[in-house]
Amino acid sequence: MQDRKKTVTNSWNGWDPLKHVIVGRADGTMVQAPELAIEQDWPDYGFPRGKYGHYPKEMEEKANEQLDNFAKILESRGIRVDRPTPIDFSQTVKTPDWNQESMFGCMPPRDIIFILGNQILESTGSYRSRWFEYLCYRPLLEQYFEEDPNMRWEAAPKPRLADLTYKKNFWKEWRTLRKEEQMERAKNRDWVLTEVEPVFAPADIARFGKDLIVQPSTVTNMAGVDWLRRHFSEHRVHVMNFKETLPVHIDATWVPLRPGLVLYNVGRPFVPAQAKLFEVNDWEIVECATPAHEVSAPLSFCSIWLAMNVLSLDPKTICVEAQETAQMEQLNKLGFEVIPVPFWDVSPFGGGLHCATADVYREGSCEDYLPKQVKDF
Ligand code: DAV
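Residues numbered from 1 in each chain as written. Predicted model: local features only at pLDDT ≥ 70, side-chain atom pairs only at ≥ 80, totals over all residues.

Some points on the overall build of the protein chain
Helix and strand counts for the protein chain stand at 7 helices and 19 strands. A globule of 377 residues ought to have a C-alpha radius of gyration of about 21 Å, and the protein chain, at 19 Å, matches this closely. C-alpha atoms of the protein chain, sized along the principal axes, occupy 50 × 45 × 40 Å. With 377 residues in all, the protein chain has 45% of them scored as buried. Long-range contacts, defined here as pairs at least 24 residues apart, represent 73% of the contacts in the protein chain between residues at least 6 apart. (Helix = DSSP H or I, 4+ residues; strand = E, 2+ residues; numbered from the N terminus. Rg over C-alpha atoms; globule rule 2.2 N^0.38 Å. Buried ≥ 20, exposed ≤ 12 C-beta atoms within 10 Å, placed from the backbone. Contact = placed C-beta atoms within 7 Å.)

Some points on the sheet that holds strand E17 (residues 317-321)
Strand order in the open sheet made by the 3 strands is E16-E17-E18, with mixed pairing throughout. Either end of the sheet is taken by a strand with one partner, and the two such strands are strand E16 (311-314) and strand E18 (337-341). Strand after strand, the sheet turns through a mean of 30° between neighbouring axes, direction not considered. Direction of pairing for E17 relative to E18: parallel, over a ladder of 5 bridges. The partner of Cys319 across the bridge, within E18, is Ile339. (Pairing = 2+ DSSP bridges. Axes fitted to C-alpha atoms, helices over the stretch in contact; angles between N-to-C directions.)

What to know about the site of the ligand
Close contacts around the ligand come from 13 residues, with His249, Ala252, Cys302, Ser303 and Cys355 the closest. Classifying every residue of the shell around the ligand by side-chain character gives 7 nonpolar, 4 polar and 2 charged. (Near = placed C-beta within 6 Å. Nonpolar A, V, L, I, M, F, W, Y, C, P; charged D, E, K, R; others polar.)

Here's the deal with the sheet that holds strand E19 (residues 357-362)
Taken together, the 3 strands give an open sheet; going across it, the order is E4-E1-E19, and neighbouring strands pair in mixed fashion. Two strands bound the open sheet, and with one partner strand each, they are strand E4 (80-82) and E19. With strand direction ignored, the average angle separating the axes of adjacent strands in the sheet is 20°. Pairing between strand E1 (residues 18-23) and E4: 3 bridges, direction parallel. By the bridge assignment, Val21 is partnered in E4 with Val81. Where helix H1 (residues 57-76) meets the sheet, it contacts E1 and E4, and its direction lies at approximately 165° from that of E1.

A word on the pairing of strand E8 (residues 119-122)
Two faces, one strand: in a regular strand the side chains alternate between the faces of the sheet. Two strands pair when backbone bridges link them, and strand E7 (residues 113-116) and E8 are joined in this way by 4 bridges, in the antiparallel orientation. Among the inter-strand pairings, Ile115 is bridged to a residue of E8, identified as Ile120. Of the strand pairs in this sheet, E8 and strand E9 (residues 152-155) are connected by 4 bridges, and their pairing is parallel. Considered in E9, the bridge of Glu122 is made with Ala155. Handedness of the crossover is the feature at issue here: the chain leaves E8, passes through helix H2 (residues 138-147), returns alongside E9, and the resulting connection is right-handed. (Right-handed = clockwise from strand over helix to strand, strands pointing away.)

Description of unusual backbone geometry
One non-glycine residue, Leu161, lies in the positive phi region at around 55°. Tracing the sequence through the fold places Leu161 in the loop between E9 and helix H3 (170-174). Of note in the backbone geometry, Asp282 takes a positive phi value of approximately 60° without being a glycine. Relative to the assigned elements, Asp282 resides in the loop between helix H6 (272-280) and strand E15 (284-287). By the C-beta count within 10 Å, which is 9 here, Asp282 ends up exposed.

Things to note about the environment of Val23
Structurally, the position occupied by Val23 is in strand E1. For the pair Val23 and Asp359, spaced 336 residues apart in the sequence, the C-alpha separation amounts to 8.9 Å. The contact partners of Val23, leaving out residues within four places of it in the chain, are Leu67, Phe70, Ala71, Val81, Arg83, Ala356 and Thr357.

Things to note about the pairing of E1
For E1, the buried fraction is high: 6 of the 6 residues fall into the buried class. Looking at chain direction, E1 and E19 are connected through 5 bridges and run antiparallel. By the bridge assignment, Val23 is partnered in E19 with Thr357.

Quick look at the structure:
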């Protein structure tokens, strides 16, 4: 039995030796009720646009089996694993500005909780259905706050998410655009969010100690980046975008594996000028392997690139989805011990191994891995 009083909040990057992690749960997850932030349309699986309801029970059970198994694998390696407390996600939630007819779930802690050093930050999110999701993590955060006198508990300003936070008729218009037009708008970061208030998702932030790489996306606006820059004023916050029409989260796009090595998504090319910081510091930028699947799982809003949504246990050990043989082989050749983890059935519930976790304690301190900085970046 681990001594519960020994909670240590300390995590600066994505690769230092992992000692304590939160792993999400699939219980009660909903295909959420319609909202301005996102549009789902799965007519082939019983959820055409506008329809909402629980994910089928057998899908939920399969996902939970894989999540529990993942937790066991981590525990067998001496890592402490905590789990969130699901609430009734089918309930209507409201604020003075809006009513949202359902919530979502609590599978991906990475979307809600951002951990840097001894600080645990409840993020803003940009979906009304996920506005109250932080409540699922409150029992844990209260416990950490009590057990770790150094834990710094923070929450970003709760966004109003009133109608003005979203561009009017964005999705309706988006559907009529040709691919090139969508690409052009993406290049201008012209997505659903306006800039009236800061909004960001922790999974759009890649942590490299002193440096944070943030991806503005469909769930992170520039005001959100600005807020992060001011909040983490001891850090250097850099903005990267990739060639992608509707980006959601950086953790299947630009993934640090260990000091000096970052994996990039061959389907989402980076802007060469933005990769300079890594080049001048002699980092190797490696193209990811071909994903095992050609299409996403049913009822999944994630892409096939979850293949590279890996979780590092330390600079030499890495968890990869068990069907992603090419990705495993590549990482093996790069010198990693690869732990295959069956996780495909979890993907409809909000992501892969990285999404499904929030690392509370990794050994190590805040280091400067990119000491040569690039002007205006
Ligand atoms: O490529 O679908 C998934 C990452 C979710 N945290 C993607 C992004």
